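Now for the letters of each chain:
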2 protein chains.
Amino acid sequence: MARLVMKFGGTSVANIERIRNVAAHVRREVEAGYQVAVVVSAMSGKTNELVGWVNECSKFYDAREYDAVVASGEQVTSGLLALTLQEMGLNARSWQGWQIPICTSDAHGSARIESIDPARLDAGFARGEIAVVAGFQGVHEPTGRLTTLGRGGSDTSAVAVAAAIGAERCDIYTDVDGVYTTDPRIVPKARKLDKVSFEEMLEMASLGSKVLQVRSVEIAMVHKVRTFVRSSFDDPANPRPGTLICEEEEIVEQQVVTGIAFSKDEAQITLRRIADKPGVAANIFVPLAEANINVDMIIQVVSGKAENRDATTDLTFTVQAADYERAMDHLRKHKSDIAFEALEGATDVVKISAIGVGMRSHAGVAARAFKALADKGINIRAITTSEIKFSVLIDKDYTELAVRTLHSLFGLDAAA
Amino acid sequence: MARLVMKFGGTSVANIERIRNVAAHVRREVEAGYQVAVVVSAMSGKTNELVGWVNECSKFYDAREYDAVVASGEQVTSGLLALTLQEMGLNARSWQGWQIPICTSDAHGSARIESIDPARLDAGFARGEIAVVAGFQGVHEPTGRLTTLGRGGSDTSAVAVAAAIGAERCDIYTDVDGVYTTDPRIVPKARKLDKVSFEEMLEMASLGSKVLQVRSVEIAMVHKVRTFVRSSFDDPANPRPGTLICEEEEIVEQQVVTGIAFSKDEAQITLRRIADKPGVAANIFVPLAEANINVDMIIQVVSGKAENRDATTDLTFTVQAADYERAMDHLRKHKSDIAFEALEGATDVVKISAIGVGMRSHAGVAARAFKALADKGINIRAITTSEIKFSVLIDKDYTELAVRTLHSLFGLDAAA
């Protein structure tokens, strides 16, 4: 029998009525002949409540205890959904991460799944049981302690379970009905994509499109798990298919650009007139890395060689907005080592990215975008490009204008 | 180093402030040199919330899923207390039932502890860790499924852990400051007992004194675990000792009667004019037992032999109030098998019991009580006696009068 993984997030299991709706979706697939594993998150709000208590108890908490507390949210939902399925006359049982087991690293709070033994789930399927798996959690077997995978980790659980049990596909049910060409709240003409490649989805997820967690897309890509993003708010009797995330080859009509993503979670830092010599970049970025601050875009502009005796340069880079203050403090503290003349920062910036595997075979895609933005009077502060995407850093005020401009430019607008 | 188990119930861990208070109690004992295992219940209200959800999902629920859901409450508290202890600079970690493991039967919802392997807790003590154990829960090892011990089960967890790790004593912290000669709300002159024997406590617990769960007293008695009942609301810096539950030999000044208990949770059923011949009692009580209805007091009065051709008798017995309607229905259904003429019932009754190991060596204790109650005009509907207690069933209206009468009669009133 073909197997299917269905994943439901916090808003989809927010209360008993919503859990019944989830059960109706599951019943449909069981009646269609699938062996089903359902992966569930905590009821919405519960994880925040638990995290709030942890923070109240302890400022610099032991992540092992954080995990013991927070993993309880998914435990509750798994039991409640199993009960609800049973009440519908279906054969179901709950599985905690440690019962399967879902083995993870010991990076408590953001553990990585290392292996999932399918034997017990297989035996359950053989008994005709629906497996209701607590998402987000696992166990570090050498210590026997509970672990969690970090926010959005239930997506990762779902895709990893799908890979482990050889599921035909993994359906991620969310509160949106699929992956869009861009955020429909900003661009009303945004279109739902029928298909998107793993590589593109990976870029979108890492650029702040909140539909799927990056790690889950990575696992889906490596294990070639056909993954659908679809809505749990659809009528269980007549749901829409959502967006399929799949291999590039499966997508026949490939656009040059598939989607426009943006991230307001950026901050820009500029160091003025640092020495333009080897080792300077290391002086700056090694301490930031040690402080666990991720640097994204980096631009180095040689300037003023003619006027100054010693060559100096300006260096601009971006960090996550949450790390901005810490990064600035860090740089001020290391001012003498780095030897910059001035330190400037800006948090009113946004990173806008265009993503598409079609860029590989089309030259000049980014250049067309730069021109279109310039025509609207939008100043580009920084640029990065990769094989299948390019990003520009601009003033936050121009977010909507820039996104709409690129969305139209690359032919993504829905027909009126 | 001497070991100590400390148990805190739901009201003692109701919120983070109360958990900090618990941690202060634990710190005191650690500083006194003990290796401490703390057993915690769910935050008050949480278990009811979880049980409410289970009932909402499923009317006739799978007790295995009930356990998976409900066990999460203690998981949360164990992690939060470990964090709070760490925040105080103490070395602590949480233990779920399955991590130790606390092995139980598979009677989900009311599982019995079968064994506790102390090896991992021992290793934790050797590392200088306080063990924070999730109460109420265990694991059925053959299936690997979570189990719970039933309401009040955390007391049982505590005493069983104390026995397993060879603790010097087990301190049960509650919202009362000890065991009283009777309910102080009914008898203002009730006195706190300094010591009470296991046997007496067992009778008190089974008679509805809610201080400790019966099963926990049984385990304490079998394993000779010196158990204190004391208040978590005392100043952690200067707590009172509470009541010690210990072996009879340790109690020097033994009273004839140690305490007066009462249970309003009773109902009386009388069958009029049933045949007075062998097999009739079995006809009545076997079906009730099969319906899981416990019968407590039984009185059979031979009547009317002179007037009737066939000998008949009246039979009176008591059941728990919760089982009353079910028992009456059952008897009506089996009317032809049992062949009674009339069925009568009363729920406005109360069972009042006097308990004391001293009764073993003092004759006429019950007789004195019957006379004292008769002198107050209280009619006794039924009587049962055992080696260390006697009970009378009377009209509920006389509860306070009867309890006060017996409390005075046996010299239990506190000095004014």
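Residues numbered from 1 in each chain as written. Chains lettered and ligands numbered in written order. Predicted model: local features only at pLDDT ≥ 70, side-chain atom pairs only at ≥ 80, totals over all residues.

**Focus: the relation of the copies chain B and chain A**
In summary, the two copies of the chain are related to each other by a rotation about an axis coupled with a shift along it. Once chain B has been moved 0.1 Å along the axis and rotated by 180°, it coincides with chain A to within an RMSD of 0.1 Å. Taken together, the rotation angle and the small translation identify this as a two-fold axis. Across chain B, the smallest distance between a C-alpha and the rotation axis is recorded for Ser72(B), namely 2.6 Å. The fraction of interface residues of chain B whose copies in chain A are also interface residues reaches 100%, indicating that both copies meet through the same surface. (Least-squares fit on C-alpha atoms with pLDDT ≥ 70 in both. Contact = placed C-beta atoms within 7 Å.)

**Describing the interface of chain B and chain A**
Listed as interface residues are 27 residues of chain B and, on the opposing side, 27 residues of chain A. Within the residue set of the side of chain B that touches chain A, elements represented by two or more residues are helix H1 (16-31), helix H2 (46-57), helix H3 (63-70) and helix H4 (72-87) of chain B. Counting residues per element, the side of chain B that touches chain A draws most heavily on H4(B), which supplies eleven residues. (Helix = DSSP H or I, 4+ residues; strand = E, 2+ residues; numbered from the N terminus.)

**As for the sheet that holds strand E18 (residues 349-355) of chain B**
All names here are of chain B. Spatially, the four strands line up as an open sheet ordered E13-E18-E20-E19, and their pairing is antiparallel. Two strands bound the open sheet, and with one partner strand each, they are strand E13 (259-263) and strand E19 (382-386). Averaged over neighbouring strand pairs, the angle between their axes works out to 20° when direction is ignored. In this structure, E19 lies alongside strand E20 (residues 389-395), joined through five bridges in antiparallel fashion. Paired with Ile383 across the two strands is Val392, which belongs to E20. (Pairing = 2+ DSSP bridges. Axes fitted to C-alpha atoms, helices over the stretch in contact; angles between N-to-C directions.)

**Considerations on the domain arrangement of chain A**
All names here are of chain A. Structurally, chain A comprises domain 1 (3-250) and domain 2 (254-416). On a C-alpha basis, the centres of domain 1 and domain 2 stand 33 Å from each other. In this assembly, 17 residues from domain 1 lie in contact with 19 residues from domain 2. Elements represented by at least two residues in the side of domain 1 that touches domain 2 include exactly strand E10 (195-197) and helix H7 (198-206). The dominant element in the side of domain 1 that touches domain 2, judged by the number of residues it contributes, is H7, at four residues. Of the residues contributing to the side of domain 1 that touches domain 2, the split by class is six nonpolar, five polar and six charged. (Domains from an automatic or database assignment. Nonpolar A, V, L, I, M, F, W, Y, C, P; charged D, E, K, R; others polar.)

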